[in-house]
Amino acid sequence: MMPPEEESPDGDRDGGLVLLHGPKSGSARKGCDPFAQTQRSKLQHRRARINQQINKEMRMRAGAENLFRATSNHKVKETVALELSYVNSNLQLLKEELEELNSSVDVYQNDSESISVPMIPLGLKETKELDLLVPLKDFISEHYGEEGVLFDKEIKEFMELRQAMRTPSRNEAGLELLMEYYNQLYFLDSRFFPPTKTLGVFFHWYDSLTGVPSHQRALAFEKGSVLFNLGALHTQIGARQDRASLPGLNQAIDAFQKAAGAFNYLKENFSNAPSLDMSAASLTMLVRLMVAQVQECVFEKMTLLRAQNDFLARLQLAQEAARVEDVYCLVHQTMSQPHVKDYVPFSWTTMVHVKSEHFKALSHYFAAIALCDCPAPSDAELLEQEKAFLQFHVTMPEGPSLRVLLQDPEERRKLGKAHLKKAIMKHEEAMRIHGLCKILRKMDILQEVLSFAHKRSLSKYSEIDHEEDFFETGEAPDIHPKTHQKPEIKSPSFSQVKVTDLFHRLGPLSVFSAKNKWYPARRVHLMRGENGFGFTLRGDSPVLIAGVIPGGCAAEAGLKEGDYIISVNGKDCKWSKHAEVVQLLKSTGKEGVDIGVITLQGSECPKAVDRKAAVMSSGSGMPKSNKENSRKSLMNSKSASTLLVWGKKSKRSKKSTYSGVPFTAVGDNEAMY
């Protein structure tokens with residue numbers, strides 16, 4: 001995926017994303033009303049309150065532990081130890097309360113009367129308010145040499161966007177709000193976060209599942225937390241869909257796939273996370289959980305699309321159910337790992353285990369009704385059914401040959417009975433595991449789904465069980481998992497949201513960025529000589545002085561190769577095109593012209609600068625090693641701040657490629673004035 005591309009104020013299009021730098025309008029996106037008393041908002045308010053209490057108790061515990069280590073007074077140690085015990089008890093109670101909130105999956109489900117197995121959504125990470133007014137104004141004054149107070153409007157607009165991002169609505173508008181803020185962080189990073197210096201502000205975020213606060217100066221932590229909330233919001237959107245209809249199922253599949261993509265993108269591009277919910281182990285678990293929920297939706301989609309009385313369709317449903325059981329089994333194993341077990345809510349682990357057993361039971365149930373409810377195949381159907389049945393079981397069932405099994409109703413009944421017996425055992429195991437979790441026992445809809453499936457299998461078993469059956473029901477072989485729609489992990493598409501660079505007035509990022517330094521701006525007065533001003537110009541936004549004739553007007557006035565023209569006669573030219581600057585110069589009379597220029601520090605050697613400009617203006621407009629999220633650079637980096645390695649397309653005109661010839665021999669790509 002390409003990063004946002006910088007553009008001139010007129011909003012030229014050069015890629016998938018339009019970045020409007022002009023001051024036409026700011027973001028019109030707003031978050032939810034934080035005081036709206038919806039079920040979801042009440043849940044989020046309780047989460048915020050618990051997060052604050054956990055933060056307070058952890059500060060008290062840290063202070064008590066420091067005092068315990070520092071004091072040598074036995075009586076004081078006893079008092080502190082008692083206080084620590086009290087604080088730890090409070091923390092445990094708060095953790096249990098937060099776990100109960102994270103287990104409130106029913107709040108995020110849809111209001112449809114249809115019965116569906118609940119999905120597991122994530123709550124959003126909470127963050128503290130952040131005041132950037134003073135730090136950004138100071139940086140603008142120190143680094144850019146501009147009056148910081150002149151950018152109050154832009155800074156406040158950014159802070160309003162961040163405030164809105166804290167409470168996104170649970171729909172497409174909420175997703176776009178998070179995307180817009182995330183893309184805006186690219187500009188903030190480029191403008192105000194130099195490689196060797198921090199802005200001096202801390203970004204505070206609470207762990208989504210434990211409520212433990214974390215903070216970092218690195219903007220990467222802010223980016224990562226927003227990405228996490230993007231994935232979490234997708235889970236909430238997926239959980240609320242009406243999965244009894246085909247459109248609802250497709251929307252749920254899309255939402256969970258995008259959630260998996262957001263968590264996977266975060267795992268691949270963010271290291272050394274300060275909070276557990278963004279650790280590699282946690283994100284791996286979340287990606288697998290989302291993939292499993294996609295697979296469950298695919299199974300539900302198959303039940304809507306397939307003809308229920310068709311033998312092959314029922315075999316396919318059995319294999320789809322076996323595939324769902326397979327992926328949930330993997331999620332359960334991941335949740336049971338030492339680094340994840342104590343972190344993930346017990347209700348989540350239990351629900352995943354319940355679903356694993358439930359879908360294993362369903363796979364055997366559909367195998368049984370395929371054998372018992374469908375008629376024996378005709379000669380024309382036999383070959384196709386044989387082929388499907390050869391790939392159906394993990395191991396072939398004991399007994400007669402496959403052809404006899406498919407054509408003999410009694411043999412089909414025997415194998416179907418074995419599958420039903422196993423289905424009933426798995427249903428009962430799912431209900432037993434469900435009963436172990438107090439939180440799940442309160443979830444009526446899950447109890448109803450499990451009970452219905454169990455009674456359906458018992459009823460079918462009673463229907464095919466004959467009193468004269470003296471044979472012992474054998475062990476049904478496991479069913480080979482297979483899916484007809486493999487889940488797709490969809491990475492975030494940031495280019496879908498149009499972004500306005502709030503700080504466009506500082507100038508083009510190719511020059512006016514946090515990583516560049518320049519000498520104080522100089523104002524030069526030029527008089528036109530017999531041979532013009534005596535310099536060559538190249539490029540756009542800003543225009544570069546590519547060459548200066550020795551002894552000419554420009555040289556005598558102090559202009560140098562590598563200077564950038566930022567103003568002509570008081571008119572700001574940072575964003576001006578080549579032709580616009582030329583026109584301003586040509587319109588000057590005998591009184592001459594005042595030109596404002598800057599010189600980048602370290603650019604005194606113009607050839608080195610020009611070689612870099614030539615590279616930036618060739619090919620895709622961006623060096624390969626600097627493309628966003630370059631896997632190589634990320635793997636080599638140990639820093640937690642390497643969430644994104646943004647690349648920038650140079651906005652130099654193609655005609656501005658440096659020819660490497662002396663200024664006296666002006667090439668076709670430059671113009672002398």
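Rules used in this analysis
- Residues numbered from 1 in each chain as written.
- Predicted model: local features only at pLDDT ≥ 70, side-chain atom pairs only at ≥ 80, totals over all residues.
- Heavy atoms only, no water.
- Core = buried A, V, L, I, M, F, W, Y, C linked by side-chain atoms within 4.5 Å.
- Buried < 20%, exposed > 50% of the residue type's maximum accessible area, 1.4 Å probe, protein only.
- Helix = DSSP H or I, 4+ residues; strand = E, 2+ residues; numbered from the N terminus.
- Domains from an automatic or database assignment.
- Contact = heavy atoms within 4.5 Å.
- Phe/Tyr/Trp six-rings, centres within 6.5 Å; stacked < 30°, edge-to-face > 60°.
- Lys NZ or Arg CZ within 6 Å of the ring centre and 35° of its normal.
- Polar contact = N/O pair within 3.5 Å; in protein donor to acceptor, adjacent residues only side chain to side chain.
- Salt bridge = Lys/Arg side-chain N within 4 Å of Asp/Glu carboxyl O.
- Pairing = 2+ DSSP bridges.
- Axes fitted to C-alpha atoms, helices over the stretch in contact; angles between N-to-C directions.
- Parallel < 35°, antiparallel > 145°, perpendicular 65-115°, else oblique.
- Left-handed = near helix turned anticlockwise from the far one by under 90°.
- Nonpolar A, V, L, I, M, F, W, Y, C, P; charged D, E, K, R; others polar.

(A) Seen up close, the nonpolar core. Counting 130 residues, the largest nonpolar core has Leu188, Phe192, Phe263, Phe389 and Phe503 as its most contacted members. The dominant element in this core, judged by the number of residues it contributes, is helix α11 (residues 346–373), at 13 residues. Counting residues domain by domain, this core receives three or more from each of domain 2 (306–374 + 381–484) and domain 3 (516–601). What Phe192 contacts, discounting residues up to four positions off in sequence, is Leu136, Phe139, Ile140, Tyr144, Leu199, Phe503, Leu506 and Ala514.

(B) Structural context of the packing of aromatic side chains. Considering all chains together, one arrives at 19 aromatic pairs under this definition. For the ring pair Phe299 and Phe366, a centre distance of 6.0 Å and an interplane angle of 65 degrees mean the geometry is edge-to-face. One end of the pair, Phe299, is in helix α8 (residues 280–305); the other, Phe366, is in helix α11, with 67 residues separating them in the sequence. You can call Phe366 buried: its relative accessible area is 6%. For the ring pair Tyr328 and Phe359, a centre distance of 6.4 Å and an interplane angle of 15 degrees mean the geometry is stacked. Here Phe359 lies in helix α11 and Tyr328 lies in helix α9 (residues 311–335), a separation of 31 residues in the sequence. Under the relative-accessibility criterion, Tyr328 is labelled buried at 1%. The class of Phe359 is buried, set by a relative accessible area of 2%. Joined through ring pairs, the aromatic side chains of Phe139, Tyr144, Phe192, Phe503, Phe512 and Trp518 make up one cluster. Across from the ring centre of Phe228, 5.6 Å away, lies the NZ or CZ of Lys125, which sits over that ring.

(C) Local environment of the side chain of Lys574. With respect to the helices, strands and loops of the structure, Lys574 is situated in the loop between β7 (571–572) and α18 (578–586). Only 2.8 Å separates the side chain of Lys574 from the side chain of Glu146, close enough to count as a polar contact. The residues touching Lys574, leaving out its near neighbours within four places in the chain, are Glu146, Arg505, Leu506, Gly507, Pro508, Phe512, Ser541, Pro542 and Ile566.

(D) Summary view of the pattern of salt bridges. Within the structure shown, the criterion is met by 25 salt bridges. A salt bridge links Asp254 to Lys258; its shortest N-O distance comes to 3.2 Å. Here Lys258 and Asp254 lie together in helix α7 (residues 246–269), a separation of 4 residues that amounts to about one turn. A salt bridge links Arg522 to Asp563; the shortest N-O distance between them is 2.8 Å. With Arg522 in strand β3 (residues 522–526) and Asp563 in the loop between α17 (553–557) and β6 (564–568), this residue pair connects regions lying 41 residues apart in the sequence. In this structure Arg522 comes out as partly exposed when scored by relative accessible area, which is 25%. A relative accessible area of 0% places Asp563 in the buried class. Overlapping salt bridges bring together Lys360, Lys422, Glu475 and Asp478 as one network.

(E) Region of interest: the pairing of strand β5 (residues 543–548). Summarising burial for β5: 6 of the 6 residues are buried, a large majority. Strand direction decides the pairing type here: strand β4 (residues 535–538) and β5, joined by 4 bridges, are antiparallel. Bridge pairing links Arg538 to Leu544 in β5. The turn linking β4 back onto β5 is made up of 4 residues, and Gly539 within it adopts a positive phi angle of 85 degrees. In terms of strand pairing, β5 meets β6 through 2 bridges, oriented antiparallel. Following the sheet pairing, Val543 is matched in β6 by Ile565.

(F) Up close: unusual backbone geometry. Following Ser541, the chain continues into Pro542 via a peptide bond in cis, with omega recorded as -5 degrees. With respect to the helices and strands, the residue Pro542 is situated in the loop between β4 and β5. Phi is positive for Ser541, which is not a glycine, with a value near 45 degrees. Within the secondary structure layout, Ser541 lies in the loop between β4 and β5. Judged by its relative accessible area of 4%, Ser541 is buried.

(G) Structural view of the packing of α11 against helix α16 (residues 444–464). Contact geometry for α11 and α16: axes closest at 11 Å, N-to-C directions at 30 degrees. Viewed along their axes, α11 and α16 adopt a mutual orientation that is roughly parallel. As for how α11 packs across α16, the hand of that crossing is left-handed. Contacts between α11 and α16 involve Met351, Val354, His358, Leu362, Tyr365, Ile369, Cys372 and Asp373 on the former and, on the latter, Leu446, Val449, Leu450, Ala453, Arg456, Ser457, Lys460 and Ile464. A per-class count over the contact of α11 with α16 returns 11 nonpolar, 2 polar and 3 charged.

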